[in-house]
There are 2 protein chains.
Amino acid sequence: MYKNGMTTAATRSLGKTVRLFHALSDETRLRLLEQLRDGEQCVCELTDTFKTGQSRLSFHLRVLKDAGLVTDRPEGRWIYYSLNRDALREVEDLVAWLKDSSSRNMPARRC
Amino acid sequence: MYKNGMTTAATRSLGKTVRLFHALSDETRLRLLEQLRDGEQCVCELTDTFKTGQSRLSFHLRVLKDAGLVTDRPEGRWIYYSLNRDALREVEDLVAWLKDSSSRNMPARRC
DNA sequence: TTTATACATCAATATTCATTGATTGATCAA
DNA sequence: TTGATCAATCAATGAATATTGATGTATAAA
């Protein structure tokens, strides 16, 4: 049991973490996220900006969505995507957890 | 020009960022990093812990090293790996930069 | 010197991921 | 209705990654 209900970096599932980082490990997807910093945008808008095939962006948006990094909001014929800041906070916490370790620097056992 | 010499998330090269996240997007590598939170360890030690082929870990350690997430220190016949907390801080800053955007929520231009 | 250990690297194979073009379903306007 | 637009999905191909076992190199111990 944990003191609070928080999902800690240590307890979060490895698989989900892998998916998060994998979604972030692509140039197109990073540029999409950067674009969405300004607020939600529809796919057509992104397609215009990126000057690339629609199916290609649709694919990458799906990877981001499956990882939980973006959310979509259908409205009529359009679908608006925006950042999911909660997911980004999870990533931030996770990296901080790796970084801010005690680093006991164990006595380097021989093999 | 920037007020200080800091490499901001916005200015860092996309390619390097992709390599960082790619290095983090694998279960074995995440477990390696978690293991190294306790301090530096040699490959033989890690191979014992992970109960897997040595060449496999060697491959993954190289990916982590190329991304800058770990550093190695040869000593005699052993090579000790440890976390590079500066790189982790860069990742943390980058994610924070994505997360903490103004989100002006633009007037959602039509297509 | 020989032999063993630690580790990297290579070659071959298997797996996973990205791109493209075509198709499909839904919404909306004429 | 019909035709146009937005976006997801599919199938086919190509590119990048991961795994395994074998080999190579350096260090250290016998």
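This text goes with the structure placed above it.
Residues numbered from 1 in each chain as written. Chains lettered and ligands numbered in written order. Predicted model: local features only at pLDDT ≥ 70, side-chain atom pairs only at ≥ 80, totals over all residues. Heavy atoms only, no water.

Quick word on the protein's contact with DNA strand C
In the vicinity of DNA strand C, 21 residues are found, and the nearest of them are H60 of chain A together with C44, Q54, S58 and Y81 of chain B. Per the 4 Å cut-off to the protein, sugar and phosphate atoms form 67% of the nearby atoms of DNA strand C. In this structure, a phosphate oxygen belonging to DNA strand C sits 3.2 Å away from a side-chain N or O atom of R56 of chain A. One of the side-chain nitrogen or oxygen atoms of S58 of chain B is found 2.5 Å away from a phosphate oxygen of DNA strand C. Every element with two or more residues in the surface near DNA strand C is listed here: α4 (54-67) of chain A together with α3 (43-50), α4 (54-67) and β3 (78-83) of chain B. Each residue belonging to the surface near DNA strand C can be placed in one class, and the counts come to eight nonpolar, seven polar and six charged. (Near = heavy atom within 4 Å. Polar contact = N/O pair within 3.5 Å; in protein donor to acceptor, adjacent residues only side chain to side chain. Helix = DSSP H or I, 4+ residues; strand = E, 2+ residues; numbered from the N terminus. Nonpolar A, V, L, I, M, F, W, Y, C, P; charged D, E, K, R; others polar.)

Considering the interface of chain B and chain A
Listed per partner, the contact involves 46 residues of chain B and 46 residues of chain A. Interface area, chain B with chain A, both sides summed: about 4,500 Å², of which 61% is carbon and sulfur. On the chain B side of the contact with chain A, R37, L98 and K99 of chain B bury the most area, a combined 15% of that side's loss. Scanning the region where chain B abuts chain A turns up two salt bridges. Among the salt bridges present, the one from E92 of chain B reaches K99 of chain A, with a minimum N-O distance of 3.2 Å. Elements represented by at least two residues in the side of chain B that touches chain A include exactly α1 (14-24), α2 (27-36), α3, β3 and α5 (85-99) of chain B. Here the element with the most residues in the side of chain B that touches chain A is α5 of chain B; it accounts for 10 residues. By residue class, the composition of the side of chain B that touches chain A is 20 nonpolar, eight polar and 18 charged. (Contact = heavy atoms within 4.5 Å. Buried area = accessible area lost by both parts, 1.4 Å probe. Salt bridge = Lys/Arg side-chain N within 4 Å of Asp/Glu carboxyl O.)

Focus: helix α1 (residues 14-24) of chain A
Residues spaced three or four apart along an α-helix face the same direction, because each turn holds 3.6 residues. Of all the positions in α1 of chain A, only T17, V18, L20, F21, A23 and L24 of chain A are classed as buried. Those residues of α1 of chain A hidden inside the fold are in contact with α2 (27-36), α4 and α5 (85-99) of chain A together with α1 and α2 of chain B. (Buried < 20%, exposed > 50% of the residue type's maximum accessible area, 1.4 Å probe, protein only.)

Points about α2 of chain A
Those residues of α2 of chain A that fall on the buried side of the exposure criterion are T28, R29, L30, L32, L33 and L36 of chain A. By the N-cap criterion, in which a side-chain oxygen at the helix start approaches the backbone nitrogen of a residue two or three places on, α2 of chain A is capped by D26 of chain A, the distance to T28 of chain A being 2.9 Å.

Looking at the sheet that holds strand β3 (residues 78-83) of chain A
Residues and elements named next belong to chain A. Pairing is antiparallel across the open sheet formed by three strands, whose spatial order is β1-β3-β2. Of all strands in the sheet, those with a lone pairing partner are β1 (41-42) and β2 (70-75), marking the two edges. Examined bridge by bridge, β1 and β3 share two bridges and lie antiparallel to one another. Among the inter-strand pairings, C42 is bridged to a residue of β3, identified as Y80. (Pairing = 2+ DSSP bridges.)

Regarding the protein's contact with DNA strand D
Lining the immediate surroundings of DNA strand D are 21 residues, of which C44, Q54, S58 and Y81 of chain A together with H60 of chain B lie closest. Sugar plus phosphate, as a fraction of atoms of DNA strand D within 4 Å of the protein: 70%. Between DNA strand D and V43 of chain A there is a distance of 3.3 Å, counted from a phosphate oxygen to a backbone nitrogen or oxygen. H60 of chain B is positioned such that a nitrogen or oxygen atom in its side chain is 2.5 Å from a phosphate oxygen of DNA strand D. Elements supplying a minimum of two residues to the surface near DNA strand D: α3 (43-50), α4 and β3 of chain A together with α4 of chain B. Classifying every residue of the surface near DNA strand D by side-chain character gives eight nonpolar, seven polar and six charged.

Points about the pairing of β2 of chain A
Residue and element names in this part refer to chain A. As defined by bridge partners, β2 adjoins β3 across six bridges and the pair is classed as antiparallel. In the sheet register, D72 faces β3, and the bridge partner there is Y81. With antiparallel pairing between neighbouring strands as the criterion, β2 and β3 make up a hairpin whose turn holds two residues, including G76 at a positive phi of roughly 60°.

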